[in-house]
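# A structural walkthrough
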Amino acid sequence: MIFQNEAFILAADSNPAICTSITECLSSLRVKVGVAVDSLQLFEMLFTLDPHIIIVDYEILKISEFLLLESVRKEQLKTQIVVVADNADVKTAVDIIKRGAADFLPKPIDPEELLDKVTALLKVSGPVSGAIIHNEIPDLYNVLKKISSTDDPEKLSSVVFDSMISVSGADS
């Protein structure tokens, strides 16, 4: 099943190579995939881009004290969360699911298993809702690419601000 331009997925991992492999894996679904490399980017994108699915590394969840799962539940967002982790045991997986994650995957991520889980979640999560308007997805995707390619933390806030101003049309 192809979800062309109907879905936005956010991959969040402090290792950019993991985000790249997730993006490449999901390319066959023809969905838009954004990347966050830390919890700050993750939260900014959660509330501005309203992703259908977030694929997030367990360590990012732990650093933010599981605030992502709590925020999605508290704000009653339709975003589904898939947690990926190195060396995770059954107890950790059960805890994550109890906290509100839709699913759990061990690292290294099996591409076929990831595709199966994402496809199943997209069938359940329905059409794009909230902040995203279909015509804006390409612009927002380009913003995400620009933000994720910024290596200098001091320039990141400026890049985010300038990009959001550009997308909102406030610079016209």
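Details of the structure are given in the entry above.
Fair warning: this is a prediction, and the values are worked out from it, not measured in the lab. (Residues numbered from 1 in each chain as written. Predicted model: local features only at pLDDT ≥ 70, side-chain atom pairs only at ≥ 80, totals over all residues. Heavy atoms only, no water.)

### Some details on the nonpolar core
- In terms of nonpolar packing, the biggest core is built from 25 residues, with L42, V56, L68 and V83 touching the most fellow members.
- Breaking this core down by element, the ones donating at least two residues are β1 (8–12), α2 (39–49), β3 (53–57), α3 (58–63), α4 (67–74), β4 (80–85) and α5 (90–98).
- A total of 5 residues in this core trace back to one element, the largest contributor, which is α2.
- Excluding anything up to four places from it in sequence, V56 contacts A12, L42, L61, L68, I81, V82, V83 and V84.
- One finds A7, I55, L114 and L121 within the second-largest nonpolar core, a separate group that totals 22 residues. (Core = buried A, V, L, I, M, F, W, Y, C linked by side-chain atoms within 4.5 Å. Buried < 20%, exposed > 50% of the residue type's maximum accessible area, 1.4 Å probe, protein only. Helix = DSSP H or I, 4+ residues; strand = E, 2+ residues; numbered from the N terminus. Contact = heavy atoms within 4.5 Å.)

### Some remarks on the packing of aromatic side chains
- Using the criterion set out here, one finds 1 aromatic pair in the structure.
- Pairing Y58 with F66 gives two aromatic rings, centres 6.0 Å apart and planes at 55 degrees, and the pair type is tilted. With respect to burial, Y58 and F66 carry one shared label: buried. (Phe/Tyr/Trp six-rings, centres within 6.5 Å; stacked < 30°, edge-to-face > 60°.)

### Here's the deal with the sheet that holds β1
- Judged by pairing direction, the sheet is parallel, and its 5 strands sit side by side in the order β2-β1-β3-β4-β5 without closing on themselves. The sheet terminates laterally at β2 (32–36) and β5 (103–106), the two strands that pair on one side only. Put simply, the sheet's adjacent strands are angled 20 degrees from each other on average, direction ignored.
- Direction of pairing for β1 relative to β2: parallel, over a ladder of 5 bridges. By the bridge assignment, I9 is partnered in β2 with V33. (Pairing = 2+ DSSP bridges. Axes fitted to C-alpha atoms, helices over the stretch in contact; angles between N-to-C directions.)

### Topic: the pattern of salt bridges
- This model, assessed by the stated rule, comprises 6 salt bridges.
- Residue K107 pairs with D57 through a salt bridge whose shortest N-O separation is 2.7 Å. With K107 in the loop between β5 and α6 (111–125) and D57 in strand β3, this pair connects stretches of sequence that are 50 residues apart. Of the two residues, K107 and D57, neither departs from the other in class, the shared state being buried.
- K62 is paired through a salt bridge with E59; the nearest N and O atoms lie 3.6 Å apart. Here K62 pairs with E59, and both are found in helix α3, just 3 residues apart, close to one helical turn.
- Residue K62 is classed as partly exposed on the basis of its relative accessible area, which comes to 41%.
- Assessed through its relative accessible area of 38%, E59 is described here as partly exposed.
- Among the charged side chains, a salt-bridge network with shared partners connects D13, D57 and K107. (Salt bridge = Lys/Arg side-chain N within 4 Å of Asp/Glu carboxyl O.)

Honestly, that's just the spatial picture; any functional story needs more than this.
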